[in-house]
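Here is how the chains run, residue by residue.
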Protein chains: 2
Amino acid sequence: MTISPGTPQRTFPQVSPAKASFKAHMRQVREDAIVEAANRLLAEKGFDLMTVDEVAAEVGIAKASLYKHFTSKEDLAAAAMLRLLTRAQALLASLPANARPLEQLKAVLRWMLQLQLAGDMPALPSQNSSLRLALMAHPVFPDQLRQLGAQIGGWIAAAQQDGSLNPRLPADVVLYILYARACDPVLAFLKAGGRYGDEVLAELVLAACFEGLNAR
Amino acid sequence: MTISPGTPQRTFPQVSPAKASFKAHMRQVREDAIVEAANRLLAEKGFDLMTVDEVAAEVGIAKASLYKHFTSKEDLAAAAMLRLLTRAQALLASLPANARPLEQLKAVLRWMLQLQLAGDMPALPSQNSSLRLALMAHPVFPDQLRQLGAQIGGWIAAAQQDGSLNPRLPADVVLYILYARACDPVLAFLKAGGRYGDEVLAELVLAACFEGLNAR
DNA sequence: GTCTATAGCCAGATAGAC
DNA sequence: GTCTATCTGGCTATAGAC
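Source: prediction; values computed, not measured. (Residues numbered from 1 in each chain as written. Chains lettered and ligands numbered in written order. Predicted model: local features only at pLDDT ≥ 70, side-chain atom pairs only at ≥ 80, totals over all residues. Heavy atoms only, no water.)

## Overview of the packing of aromatic side chains
In this description, a pair of aromatic rings is defined by centroid distance and the angle of the planes.
And then number 1: Counted according to the given criterion, the structure contains 4 aromatic pairs over all chains.
And then number 2: Ring centres of A:Y176 and B:F189 lie 5.4 Å apart, and the angle between their planes is 10 degrees; on these two criteria the pair is classed as stacked. With A:Y176 in helix α8 (residues 171-180) and B:F189 in helix α9 (residues 185-193), the pair connects residues from two separate chains.
And then number 3: With relative accessibility at 39%, the residue B:F189 sits in the partly exposed group.
And then number 4: Through a chain of ring-to-ring contacts, three or more aromatic side chains come together here, namely A:Y176, A:Y179 and B:F189.
And then number 5: Against the face of A:F210 rests A:K106, its NZ or CZ located 5.6 Å from the ring centre. (Phe/Tyr/Trp six-rings, centres within 6.5 Å; stacked < 30°, edge-to-face > 60°. Helix = DSSP H or I, 4+ residues; strand = E, 2+ residues; numbered from the N terminus. Buried < 20%, exposed > 50% of the residue type's maximum accessible area, 1.4 Å probe, protein only. Lys NZ or Arg CZ within 6 Å of the ring centre and 35° of its normal.)

Here it is, written out as structure tokens:
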């Protein structure tokens, strides 16, 4: 649906719909810029070390303006995490539906590894914190997360069924192992070492995860 | 070497050697208690969320007293990390020397997993921080870490030589993958789920790491 | 809605009596 | 060396002018 000037987009009265939608658009663009900056800083420093001042400075706005968009630091970080979930679901939707389930799982992990190597994987604190509570209380995040887990879980079950994934590992263990690779410090360590390029590194970790450390 | 009363243990003059060594002993005991409390809190909340007040409260001393032992929060955490390294080297020394190298590696990983499940694995922030700098500048930590890495690295090379470990994975990648399991959030997640006991959980993650997710 | 300025709080570190 | 009391700085969040 496109927005044409002069066409009211909402049911409640507006003095000038065109101008109103333009302002709403601008607001959305700014908000996206804020979330993107927060995402980058979450990937770089994590929630605790990231400051709201930094986010505002990176976007080029005042901190008080940022608080007109998000009521708290937790709220801002939750928006970044939700953006991650949305991107993940977009990736899943873009995968060929007829591929083997094991290949789907590898594609998901590869995407997460590349995101982390690009410095775009927001990191939440592994311990309990205010951020966890905010995410659990979020209106849509938990539901989106469950939906994502269900889709990946379906591939896990299918891969175990067709004999390509170890059937002795419980499905939830496999799912969490995949999720955990998203914040695996191995990538950051080895990337800092500088001995491997991003593509090689991602394939090495991918292989180690699926094929294991043992010789075959 | 035992310390007998009246026998000077140091070359510099002391008014009362017995009393001095007693006091030194008491000081050491207190210091150990502080480090142990810090270790537990680092495992529970991580460096950023742990406060020096909490550590002092857990030991039952005033914060100012704690600062007589450690000059900073980073210094305290570094002592906890060094304690971990020392415990790791004690474990390595306790392993049977004639075991196959792959079994040595599995024993090390199993020990790390059990430590984490017991809430005794101090966690340092994965991102760059003041703690990293303190650890790098520590008088003995980096050397001990290198020593540990060399010993484990020897087993990795041997296991690749005897055909039990995948020779296509570079040794440093294998080493970091093992290290990273020490702070793997998979254990905490699944433990919180309550579906698996500690022993089962450790064996599941151990198997997934060495044998991989793929079916064999 | 954007800004500057500031309130309020919390945690690391220290002063100074005993 | 241990304590109580305090300093200091940084960060979240808000007030209030425009």
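## A few points about the relation of the copies chain A and chain B
And then number 1: Mapping chain A onto chain B leaves a residual RMSD of 0.1 Å; the transformation is a rotation of 180 degrees accompanied by 0.0 Å of translation along its axis. Read as a symmetry element, the transformation amounts to a two-fold axis. Measuring from the rotation axis to each C-alpha of chain A, the shortest distance belongs to A:G212, at 1.7 Å.
And then number 2: A share of 98% of the interface residues of chain A reappears at the interface of chain B, consistent with the copies meeting face to face through the same patch. (Least-squares fit on C-alpha atoms with pLDDT ≥ 70 in both. Contact = heavy atoms within 4.5 Å.)

## A few points about the interface of chain A and chain B
And then number 1: Contacts between the two partners involve 46 residues from chain A and, on the opposite side, 45 residues from chain B.
And then number 2: Both sides together, the interface formed by chain A and chain B hides about 3,900 Å², and carbon and sulfur atoms give 64% of it.
And then number 3: Contact with chain B buries area across many residues of chain A, yet A:Q127, A:L213 and A:N214 alone supply 18% of it, more than any other trio.
And then number 4: Counting every contact that joins chain A to chain B gives 4 salt bridges.
And then number 5: The partner of A:D172 in a salt bridge is B:R195, and the shortest N-O contact between them spans 3.5 Å.
And then number 6: On inspection of chain A and its partner chain B, the count reaches 18 residue pairs in polar contact (both at pLDDT 80 or more). (Buried area = accessible area lost by both parts, 1.4 Å probe. Salt bridge = Lys/Arg side-chain N within 4 Å of Asp/Glu carboxyl O. Polar contact = N/O pair within 3.5 Å; in protein donor to acceptor, adjacent residues only side chain to side chain.)

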